[in-house]
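An overview of the molecular structure
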Amino acid sequence: MSQYNVGSTDFAVAVTPSDSTVLTPFYKLYIGGAGAVAITDMGGNVVTFAAVPVGTQLEVRGTKVMATNTTATNIVACY
């Protein structure tokens, strides 16, 4: 069994994409406005998810939501 919660959210924070801001590791992102989402994952890799639709709960663990290549809006990090 995973030690990480992949169900309900304990708390959430609006995210301003930044190439330098390191976030508390999140386990899910809510995408309020469609577009691409670039993140730095837990292994330090930068990955871009293309064409993410409105209302998506992107279940991915990471430490950054990158400004470069992120076009989605109204992003919320879930913890």
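In short, a report on the structure. Residues take numbers from 1 onward in each chain, read along the sequence in its written order. With pLDDT at 70 or above as the cut-off, local features in this predicted model cover only qualifying residues; side-chain atom pairs require 80 or more to be listed or tallied, and sums for whole chains, interfaces and linings still use all residues. By convention in this description, side-chain values take in all heavy atoms of the structure and omit both hydrogens and water.

Glancing now at the overall build of the protein. Within the protein one finds 0 helices and 7 strands. The helix and strand labels rest on DSSP assignments: H or I over at least four residues marks a helix, E over at least two residues marks a strand, and numbering proceeds from the N terminus. Ordered by position in the sequence, the α and β elements of the protein form the string β-β-β-β-β-β-β. C-alpha atoms define the radius of gyration, and 2.2 Å times the number of residues to the power 0.38 defines the globule rule. Taken over the C-alpha trace, the protein has a radius of gyration of 11 Å; the compact-globule value for 79 residues is 12 Å, and the two agree within 12%. With respect to the three principal axes, the spread of C-alpha positions in the protein is 35 × 25 × 20 Å.

Let us now look at the sheet that holds strand 2 (residues 28-33). With antiparallel pairing, 4 strands are arranged side by side in an open sheet as 1-7-2-5. In this open sheet, the two strands that pair with only one neighbour each are strand 1 (12-15) and strand 5 (56-58). Direction aside, the axes of adjacent strands within the sheet are offset by 25° on average. Strands qualify as paired when DSSP identifies two bridges or more between them. Sheet topology places strand 1 next to strand 7 (residues 73-78); 4 bridges connect them, and they run antiparallel. Its bridge partner being in strand 7, Ala14 is matched across the sheet by Val76. Each axis is a line fitted through C-alpha atoms, and for a helix only the stretch in contact is used; angles between axes span 0 to 180 degrees, taken between their N-to-C directions.

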